[in-house]
Amino acid sequence: MDSGPDIEVSGATLIARARALVPNLAQRAAQAERDGRVPAETIAELQAAGLFRVMQPKRWGGYELGLDVANDIQMILAEGCMSSAWVIAVIAVEAFLIAVCDDRMAQDVFGKDRSTLVCGTSAADPSNKSQMVEGGFRISGKWRFASGCDHSAWSFLAAIVPNADGPPTDWRVLVPKSDYRIIDTWNVSGLRATGSRDIVVEDAFVPAHRAIRQVDLFNCAGPGQAVNTAPLYRIPFGQVFAMSVSTLILGGLQGMLDAYLAYGAKRIARGIGPTAKDPVALLVCAETAATIDEAKTIFRRNAQELMAYAQRGDTPSLSERMKYKFQLAYAVERASLLANRLFKAAGASGIYVDNSPFARWLNDINAGRQHVNNQFEPAGRNWGSLMLGGSEADNRDRFL
């Protein structure tokens, strides 16, 4: 049982710890992919380094550091294993979410063990049933894409609750592992080690203090902000979550580029010669390095802007939120295109999974691009509509 850290830890220290773990993650990546889950050794190392606690409240054993620190940690870990980085990213976000909810929720989760991990998914089956009852909710159904559920003791789930006076209300409810089953449906082409399996709930009761409305998250009006007063918790949850599943993909692209540079330093291709003489390889390496640098610069600037708003007690406009979301998704799209070009530049020898990691990098990056938050077309259309005078009501994304 863990009561939490008893000393202050800087962002620089956590970032250095993440960097030190990259070789271990890279060494285990292939086996993690075969097993379909992040290894227990990796989870233990991430716990020991305190990386899951980066956005967890200090009152509950965390460090409540900035969004920029969390993003740097995720991008660094992804250089070794994108699946491991994905799992820590989404679990760290759920600790942030707990902080903005009713404080009794944090007591339930962290009261006895502050190292407890929480996963979550909003991918609810349309046939799910949720209703408000005395003292809380009753929910039943199935949810997909519960990344890291094998290592978590609780899960946040989306619940669409009927409302007699109007449209249904979108809630997030927290359920203990004793109230759900995990179904192994995770037979996928990429991010296999995230273990993003299905969760099934059969008529579980959720007390009211373990729920929050999505609109309250959009408006930065969670009850937990009254006790967790750090500026971090005044950042819109949708922005924090979008960064968690986007920025790490640039770390994955960096890992793929590093692997390609090591591979290319020794490769002599038929009809071309050394990779250093291959104009296709030279250009794609330069474009990839420049794109990573550009995207990371934008990510860090946006994270700093979000923190600055929070420190002033303000929130960004809808147009700015849309800009941030589009820039994340567009960077992911560009990363996926460059990953395909790197894979092509590796030639026939690059397809051997036992000797090179290129197929895993490519599949993981492309799988990450498939996430709803990483679809740049709808994000761009919404932002563009506002630029051209469209109404906010027509373009509001509830997950901003």
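Going by the structure above, here's the rest.
Residues numbered from 1 in each chain as written. Predicted model: local features only at pLDDT ≥ 70, side-chain atom pairs only at ≥ 80, totals over all residues. Heavy atoms only, no water.

*Asks:* I would appreciate a short explanation of the sheet that holds strand β1 (residues 118-121) in the present structure.
*Replies:* Working definition: the strands of a sheet are paired by backbone hydrogen bonds and lie parallel or antiparallel to each other. Spatially, four strands are ordered β1-β5-β6-β9 in an open sheet, and the strand pairing comes out mixed. Every other strand in the sheet has two partners, leaving β1 and β9 (211-213) as the edge strands with one partner each. The sheet shows a mean angle of 30° between the axes of neighbouring strands, direction not considered. Against the sheet, helix α4 (residues 82-100) engages β1, β5 (154-163) and β9, with an angle of about 90° to β1. (Pairing = 2+ DSSP bridges. Helix = DSSP H or I, 4+ residues; strand = E, 2+ residues; numbered from the N terminus. Axes fitted to C-alpha atoms, helices over the stretch in contact; angles between N-to-C directions. Contact = heavy atoms within 4.5 Å.)

*Asks:* Hey, could you run me through helix α3 (residues 67-78) in this one?
*Replies:* An α-helical segment advances 3.6 residues per turn. Residues three or four places apart therefore align on the same side. Compared with the 16 Å implied by 1.5 Å per residue over 12 residues, the 17 Å span of α3 between its first and last C-alpha is a close match. For α3, a buried count of 11 out of 12 residues is recorded, marking the element as mostly surrounded by other parts of the structure. Looking only at α3, the buried set comprises Leu-67, Val-69, Ala-70, Asn-71, Asp-72, Ile-73, Gln-74, Met-75, Ile-76, Leu-77 and Ala-78. (Expected span 1.5 Å × (residues − 1). Buried < 20%, exposed > 50% of the residue type's maximum accessible area, 1.4 Å probe, protein only.)

*Asks:* Before we go on, may I ask you to explain the pairing of strand β4 (residues 136-146) in this structure?
*Replies:* Successive residues of a regular strand alternate their side chains across the two faces of the sheet. Judged from the two bridges that link them, strand β2 (residues 123-124) and β4 form a sheet pairing that is antiparallel. Counterpart to Ala-124 in the pairing with β4 is Trp-143. Sheet topology note: the strand β3 (residues 129-133)/β4 ladder contains five bridges and is antiparallel. Residue Ser-130 lies in a different strand from β4, and its bridge partner there is Ile-139. Hairpin connection from β3 to β4: two residues lie between these consecutive antiparallel strands, with Gly-135 at a positive phi of about 85°. Bridge analysis of β4 against strand β8 (residues 197-207) gives eight bridges, and the strand direction is antiparallel. Across the sheet, Lys-142 pairs through a bridge with Val-200, a residue of β8.

*Asks:* Sorry, what's going on with the pairing of β5 here?
*Replies:* By the criterion of burial, β5 is predominantly enclosed, with seven of the 10 residues buried. Here four bridges tie β1 to β5, and the two strands are oriented parallel to one another. The partner of Gly-120 across the bridge, within β5, is Phe-156. Pairing of β5 with strand β6 (residues 166-176) involves nine bridges; the strand directions are antiparallel. Bridge pairing links Trp-154 to Pro-176 in β6. Here β5 folds back onto β6, and the loop between the two strands holds two residues.

*Asks:* Help me understand the side chain of Gln-74 in this model?
*Replies:* Within the fold, Gln-74 resides in helix α3. In contact with Gln-74, not counting residues within four places along its chain, are Ala-85, Ala-89, Met-243, Ser-244, Thr-247 and Leu-248.

*Asks:* Looking at this model, I keep getting lost on the packing of aromatic side chains. Mind explaining?
*Replies:* The description of an aromatic ring pair uses the distance of the two centres, along with the angle that the planes make with each other. This model, assessed by the stated rule, comprises 11 aromatic pairs. Taking the centre distance of 6.2 Å and the plane angle of 25° together, the rings of Phe-96 and Phe-237 count as stacked. Residue Phe-96 is found in helix α4, and its partner Phe-237 is found in helix α7 (residues 237-244); the two are separated by 141 residues along the sequence. A ring pair is formed by Tyr-260 and Tyr-263, whose centres lie 6.1 Å apart and whose planes are at 50°; its orientation type is tilted. In this pair, Tyr-260 and Tyr-263 are both assigned in helix α8 (residues 247-264), three residues apart and thus about one turn of the helix distant. Comparing Tyr-260 with Tyr-263 shows no difference in burial state: the two are buried. (Phe/Tyr/Trp six-rings, centres within 6.5 Å; stacked < 30°, edge-to-face > 60°.)

*Asks:* Explain α4 to me, please; I cannot follow it from the model alone.
*Replies:* Compared with an ideal rise of 1.5 Å per residue, which puts 19 residues at 27 Å, α4 spans 28 Å between its outermost C-alpha atoms and is within 8% of the ideal. A large share of α4 lies buried, amounting to 19 of its 19 residues.

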